[in-house]
Number of protein chains: 2
Amino acid sequence: MTRRSYPLSRVYGLLEPGPVVLLTTSHKGLMNVMTQSWHTMMEFEPPLVGCVIGGNSLSFEALRATHECVISIPTAELADKVVAVGNSSGRKIDKFHAFGLTPQQGSLVAAPLIAECHANLECRVIDTRMVNRYSFFVLEVVKAWIDPTIREPRTLHHRGRGVFMTSGETIKLPSRMK
Amino acid sequence: MTRRSYPLSRVYGLLEPGPVVLLTTSHKGLMNVMTQSWHTMMEFEPPLVGCVIGGNSLSFEALRATHECVISIPTAELADKVVAVGNSSGRKIDKFHAFGLTPQQGSLVAAPLIAECHANLECRVIDTRMVNRYSFFVLEVVKAWIDPTIREPRTLHHRGRGVFMTSGETIKLPSRMK
C-alpha cells in the first residue's frame, strides 16, 4: 500500500456513502478484524463516527477494553475476504493470517491498519453511553490514511443476506451541501 | 407510485448500503423535507435507525416536537430534486411544491410519504438522549412501503461536496451474515 496522510476534514466523504468496512482491534497481544456496515458520520471535524458492534464479538470486548480501533475501507476486489472475515470469529482463528490480510502499524492507536485497504482511519472511542442499550460506540477519527494511487475506489455496499452492490457511476451536482 | 407493504425484518437491506435519503416531517400544518445521508441501522427487528439531523433546521424542530418522520429513499433519477431539497430551507419555501415532489398520506404517522421515492419508511422517535450532544435521534421504523415494480433501485450515495456515486453492479456472495 502506498500510504498518504489524509485531511481529517475530508474523512466524511469516505464513510458517508455507506461502504462495508473492516474494523480492527488489538487487545492482550491479539489482533482481530470484523466486517461492519452499521456506521454513520456524526460530525465533520473532528470527524466523529457512530457504529454498532455486536455485543457477543471479540471486537466488542477489545473495543470496550482498549477504546481504540481502525476502520479500514476495502474495495470490491476484496469482496471474498470481506465475506470470509464476516463469516468467522477471531475466537477461533487468526483472520489476518487465514485470509491474507496484512496488518500494518498505525501512528496513534495500537489496532492495525490493513495494507490491502484503500483507506484506514485510526479511531478512539469517545462516548460509550449508548453501548449498553444499543452496542453503539461514538468514535473520533484521530488519523486518516489513504492510498493516493486509487482515484475512484470501487466500494462494496451490503444490501443484506450476502447481496452486495458495488459503487457505480460518479456524478457531480451543484450542491451547496458539504 | 405502486405501493406495497414491506416486511419490517427486511428494512435493514434498504438502508445499510448508505443511500442518500429524504426525510419528511409534518408540524403545525406544515410539511417539510430535507436531504440526509448520516444514518445507520441499529437493530434488525423492530428496525431501529440512528440519524443526525442538523440542530438549526426546521426538520430538527419538527422531529423534536412531533417525534415522527418518514425516511424516503430516492433513486438516481431524482438526483436533481435531492440536491435542490438539500440546498434550500423549508423556512422559506414549500419544497414539495417547488421541486415537484408529491406528498402522500402514510398509515401510522402524520409525516408524508413521497410518491416519487421507491421506498418509504414511517418512523417514530424512540430515544432522544443523544440529541443535545450530537443531534442524533434513534428512530423505530413502524411501517415500510416499497414500489414493487422497481427491482434493483439505483440509489444515490454522497461522497461529499456534490459528488455522488450511483449504485453499480450487484454481486451475491455466500455470506452467513444477515
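Right, let's talk about the overall build of chain A for a bit. When helices and strands are tallied, chain A shows 5 helices and 12 strands. For chain A, whose C-alpha radius of gyration is 15 Å, the value lies close to the compact-globule estimate of 16 Å for 178 residues. A burial count over chain A gives 57% of its 178 residues as buried. The contacts of chain A with a sequence gap of at least 6 include a subset with a gap of at least 24, amounting to 64%. For chain A, the computed accessible surface area is about 7300 Å², with 49% contributed by carbon and sulfur atoms. Between the averaged position of the 20 positive side-chain charges in chain A and that of its 15 negative side-chain charges there is a distance of 3 Å.

Here the focus is the relation of the copies chain A and chain B. The transform that puts chain A on chain B rotates by 180° and translates by 0.0 Å along the axis, for an RMSD of 0.0 Å. Such a combination of turn and shift is consistent with a two-fold rotation axis. In this assembly, 100% of the residues forming the interface of chain A have copies in chain B that are likewise at the interface, indicating an isologous arrangement.

Residues and elements named next belong to chain A. In this structure, Gln36 sits in strand S3 (residues 30–36). Within the structure, Gln36 has its side chain in polar contact with the backbone oxygen of Val52 (distance 2.7 Å). Each residue touching Gln36, except ones within four places of it in the same chain, is listed here: Pro19, Val20, Val21, Cys51, Val52 and Ile53.

On to the interface of chain A and chain B. Every contact between the two is made by 56 residues of chain A and, on the other side, 56 residues of chain B. Buried surface at the junction of chain A and chain B, both sides included, amounts to about 5300 Å², of which 57% is carbon and sulfur. Of the charged contacts, one joins Arg154 of chain B and Glu169 of chain A as a salt bridge, the two residues approaching to 3.5 Å between their closest N and O atoms. At 10 residues, strand S12 (residues 163–172) of chain A tops the list of elements feeding residues into the side of chain A that touches chain B. Grouping the constituent residues of the side of chain A that touches chain B by class yields 24 nonpolar, 18 polar and 14 charged.

Moving on to unusual backbone geometry. Residues and elements named next belong to chain A. Note the cis peptide between Glu45 and Pro46, where omega equals -5°. Considering the arrangement of structural elements, one finds Pro46 in the loop between strand S4 (39–43) and strand S5 (48–52). Unlike most non-glycine residues, Lys28 shows phi in positive territory, near 55°. Considering the arrangement of structural elements, one finds Lys28 in the loop between strand S2 (21–27) and S3. Given the relative accessible area of 79%, Lys28 is considered exposed. Look at His67: it is not a glycine, yet its phi comes out positive at around 60°. Judged by its relative accessible area of 32%, His67 is partly exposed.

Detailed reading of the predicted model is not advised wherever pLDDT is low. On average, residues of chain A score 95 in pLDDT, and 99% of them are at 70 or above. The complex prediction reports pTM at 0.96, with the ipTM value standing at 0.95.

Before going further, it helps to spend a moment on helix H3 (residues 79–86) of chain B. If you check which residues of H3 of chain B are buried, you get Ala79, Val82, Val83, Ala84 and Val85 of chain B. Buried positions along H3 of chain B lie against S12 of chain A together with strand S2 (21–27), strand S3 (30–36), helix H4 (95–99), strand S11 (156–160) and strand S12 (163–172) of chain B.

Strand pairs in the sheet, formed through backbone hydrogen bonds, run parallel or antiparallel to each other. Taking strand neighbours across the sheet as the criterion, the 4 strands line up as S11(A)-S12(A)-S12(B)-S11(B) in an open arrangement whose pairing is antiparallel. Of all strands in the sheet, those bounded by a partner on one side alone are strand S11 (156–158) of chain A together with S11 of chain B. The average angle at which neighbouring strand axes cross in this sheet is 45°, direction not considered. When S11 of chain B meets S12 of chain B, the two strands line up antiparallel, connected through 4 bridges. By the bridge assignment, His157 of chain B is partnered in S12 of chain B with Met165 of chain B.

Procedures and definitions
- Residues numbered from 1 in each chain as written.
- Chains lettered and ligands numbered in written order.
- Predicted model: local features only at pLDDT ≥ 70, side-chain atom pairs only at ≥ 80, totals over all residues.
- Heavy atoms only, no water.
- Helix = DSSP H or I, 4+ residues; strand = E, 2+ residues; numbered from the N terminus.
- Rg over C-alpha atoms; globule rule 2.2 N^0.38 Å.
- Buried < 20%, exposed > 50% of the residue type's maximum accessible area, 1.4 Å probe, protein only.
- Contact = heavy atoms within 4.5 Å.
- Areas by Shrake-Rupley, 256 points an atom, 1.4 Å probe, with all protein chains shown as cover.
- Lys, Arg positive; Asp, Glu negative; His and termini not counted.
- Charge placed at Lys NZ, Arg CZ, Asp CG, Glu CD.
- Least-squares fit on C-alpha atoms with pLDDT ≥ 70 in both.
- Polar contact = N/O pair within 3.5 Å; in protein donor to acceptor, adjacent residues only side chain to side chain.
- Buried area = accessible area lost by both parts, 1.4 Å probe.
- Salt bridge = Lys/Arg side-chain N within 4 Å of Asp/Glu carboxyl O.
- Nonpolar A, V, L, I, M, F, W, Y, C, P; charged D, E, K, R; others polar.
- pLDDT = per-residue confidence, 0-100.
- Pairing = 2+ DSSP bridges.
- Axes fitted to C-alpha atoms, helices over the stretch in contact; angles between N-to-C directions.

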